[in-house]
Amino acid sequence: MLEWAGVPPDESPRRGGPAGPYLQSQRLALYAQAAEALLKSGAAYPCFCSPQRLELLKKEALRNRQTPRYDNRCRSLSQAQVAQKLATDPKPAIRFRLEGEAPAFQDLVYGWNRHEVASVEGDPVILKSDGFPTYHLASVVDDHHMGISHVLRGSEWLVSTSKHLLLYQALGWQPPQFAHLPLLLNRDGSKLSKRQGDIFLEHFAATGFLPDALLDIITNCGSGFAENQMGRTLPELITQFDLSRVTCHSALLDLEKLPEFNRLLEGPGTNLTQDVLNRELKKLSDGLEGIKHSNVMKLLRVALSGQQQGPPVAEMMVSLGPKEVRERIQKVLCS
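Nothing here was measured: the structure is a model prediction, and the numbers come from that model.

A.B. asks: A description of the overall build of the protein should follow, citing residues and the corresponding values.
C.D. replies: The secondary structure content of the protein amounts to 14 helices and nine strands. Across the 335 residues of the protein, 36% fall into the buried class. Summing over all exposed atoms, the protein offers an accessible surface of approximately 19700 Å²; the carbon and sulfur share of this is 53%.

Shown next, in the form of structure tokens:
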């Protein structure tokens, strides 16, 4: 899907590269090796707790209006107890021991941060009983072995970064620099989710969205560029992006309305007459529950002209043309 979107990765399972393999299922030996090193140093320990016990802990915490957390029960098992349990459960989960002061770090977007995870969280699972890693271990191991210098990821991982730095520290590895990016949110301020609509790239590709249009929407609703601009090529996006321009503020992106606007404003060949547009605009308004058609027209008029009064919206759209209409609406949505 990255290739479809016109953003081909430098390295990938399809393209290959010097730091492969690029599938987690083919890197299990690396994760096992790291987990074994942590076990030997005492930075990790096997956990034999059943899913049923963990579920009871979760329910009990929720009943007491507390944040669910593991109680670190298996951390205090003696060597003899561990050996006894391994005889009946040879493939336990592996947990990382959270203790000591979490290191402070300078995020390239949010500045200096420190999260004392040991005092508010239970020891996290880093390797599951099936041999697959959780994100905490996989990201650290992969980034180290692939020589990653900068990690850019969503701001929801900012709190977990202290855990990852403790893992780097326990493994004796130099961590990369981190930059946590603000999220694109639903119009109600919630995180984008398939529960609010189909947000998978496969959906946009299957329904006829142009990858260039989707890339325009994403880059203009985000940050990192000096100004909003439509139609940037990939080389232009690469050279113009500046991490120092990334803000800490999330952007609202109303994906539910993209299909209607895309259909309304799709490229050459569309018969953009006033009659056609008036009908389409009425259909669009009817699909917005609890919002009057007149209010939609007022919003569009302001978006297109900056004025609350003036020519009919359909007339302005015909005069401006699809490209200019799209740019003006996107500028308002992303402001």
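A.B. asks: Break down the nonpolar core for me, with residues and values.
C.D. replies: Counting 26 residues, the largest nonpolar core has Leu-38, Phe-96, Ile-126, Leu-137 and Trp-173 as the members making the most contacts within it. Broken down by element, this core gets its largest block of residues, five residues, from helix 6 (residues 161-171). In terms of nonpolar packing, the next biggest core, distinct from the first, is built from twelve residues, Val-296, Met-297, Leu-300 and Val-325 among them.

A.B. asks: With reference to specific residues and values, describe the sheet that holds strand 1 (residues 44-47).
C.D. replies: Spatial strand order, 1-2-5: three strands in an open sheet with antiparallel pairing. Edge positions in the sheet fall to strand 1 and strand 5 (125-127), since each of these pairs with one other strand and no more. Recorded for the sheet is a direction-independent mean angle of 45° between the axes of neighbouring strands. Both strand 1 and strand 2 (residues 93-96) contribute to a ladder of four bridges, which runs antiparallel. In the strand pairing of strand 2, Cys-47 is matched with Ala-93.

A.B. asks: Account for the side chain of Arg-53, with residues named and values stated.
C.D. replies: If you trace the backbone, Arg-53 turns up in helix 2 (residues 51-63). At 2.5 Å, the side chain of Arg-53 and the side chain of Asp-71 are in polar contact. Residue contacts for Arg-53: discarding those within four places in its chain leaves Tyr-70, Asp-71 and Arg-73.

A.B. asks: Kindly report on the packing of helix 1 (residues 28-41) against helix 5 (residues 135-145), identifying the contributing residues and their values.
C.D. replies: Their axes nearest at 10 Å, the elements helix 1 and helix 5 cross at an angle of 105°. Considered as vectors, helix 1 and helix 5 are oriented roughly perpendicular to each other. Facing Leu-30, Tyr-31 and Ala-34 of helix 1, the residues of helix 5 in contact are Leu-137, Ala-138, Val-141, Asp-142 and His-145. Split into classes, the residues belonging to the contact of helix 1 with helix 5 amount to six nonpolar, one polar and one charged.

A.B. asks: Please provide a residue-by-residue account of the packing of helix 11 (residues 274-286) against helix 12 (residues 293-305), values included.
C.D. replies: Contact pair helix 11 / helix 12: the axes reach a minimum separation of 9 Å and the direction vectors enclose 115°. As helix 11 runs across helix 12, the sense of the crossing is right-handed. For the pair formed by helix 11 and helix 12, the contact residues are Leu-281, Lys-282 and Ser-285 on the first element and His-293, Val-296, Met-297 and Leu-300 on the second. Split into classes, the residues belonging to the contact of helix 11 with helix 12 amount to four nonpolar, two polar and one charged.

A.B. asks: Tell me about unusual backbone geometry, and please be specific about residues and values.
C.D. replies: Along the chain, Gly-20 connects to Pro-21 via a cis peptide bond; the corresponding omega equals 0°. Inspection of the secondary structure puts Pro-21 in the segment before helix 1.

A.B. asks: Explain the pattern of salt bridges to me, using residue names and the numbers behind them.
C.D. replies: Taken as a whole and assessed by the stated rule, the structure comprises ten salt bridges. Here Asp-142 makes a salt bridge to Arg-27, at a shortest N to O gap of 2.8 Å. Residue Asp-142 is found in helix 5, and its partner Arg-27 is found in the segment before helix 1; the two are separated by 115 residues along the sequence. With respect to burial, Asp-142 and Arg-27 carry one shared label: buried. Salt-bridge contacts for Glu-121 lead to Lys-163; the nearest nitrogen and oxygen are separated by 2.6 Å.

A.B. asks: Could you give an account of the environment of Phe-178, with specific residues and numbers?
C.D. replies: Position of Phe-178 among the secondary structure elements: in strand 7 (residues 177-181). For Phe-178, a relative accessible area of 5% gives the class buried. Separated by 69 residues in the primary sequence, Phe-178 and Val-109 place their C-alpha atoms 8.5 Å from one another. Not counting the four nearest positions on each side in its chain, Phe-178 is found in contact with Gln-106, Asp-107, Leu-108, Val-151, Arg-153, Thr-161, Leu-165 and Tyr-168.

A.B. asks: I'd love a proper account of the pairing of strand 6 (residues 150-154), names of residues and values included.
C.D. replies: When strand 6 meets strand 7, the two strands line up parallel, connected through five bridges. Looking at strand 7, one finds that Arg-153 is bridged to His-180.

A.B. asks: Pulling in residues and values, what's your account of helix 11?
C.D. replies: Relative to the 18 Å expected for 13 residues at 1.5 Å per residue, helix 11 spans 18 Å between its end C-alpha atoms, a close match to the ideal helical length. If you check which residues of helix 11 are buried, you get Leu-277, Glu-280, Leu-281, Leu-284 and Ser-285. Taken end-on, helix 11 shows its buried residues confined to a sector of 140°, consistent with a single buried face. In helix 11, those exposed residues whose orientation departs by more than 90 degrees from the buried face are Asp-275, Arg-279, Lys-283 and Asp-286.

Definitions and cut-offs
Residues numbered from 1 in each chain as written. Predicted model: local features only at pLDDT ≥ 70, side-chain atom pairs only at ≥ 80, totals over all residues. Heavy atoms only, no water. Helix = DSSP H or I, 4+ residues; strand = E, 2+ residues; numbered from the N terminus. Buried < 20%, exposed > 50% of the residue type's maximum accessible area, 1.4 Å probe, protein only. Areas by Shrake-Rupley, 256 points an atom, 1.4 Å probe, with all protein chains shown as cover. Core = buried A, V, L, I, M, F, W, Y, C linked by side-chain atoms within 4.5 Å. Pairing = 2+ DSSP bridges. Axes fitted to C-alpha atoms, helices over the stretch in contact; angles between N-to-C directions. Polar contact = N/O pair within 3.5 Å; in protein donor to acceptor, adjacent residues only side chain to side chain. Contact = heavy atoms within 4.5 Å. Parallel < 35°, antiparallel > 145°, perpendicular 65-115°, else oblique. Nonpolar A, V, L, I, M, F, W, Y, C, P; charged D, E, K, R; others polar. Left-handed = near helix turned anticlockwise from the far one by under 90°. Salt bridge = Lys/Arg side-chain N within 4 Å of Asp/Glu carboxyl O. Expected span 1.5 Å × (residues − 1). Arc of directions from axis to C-beta.

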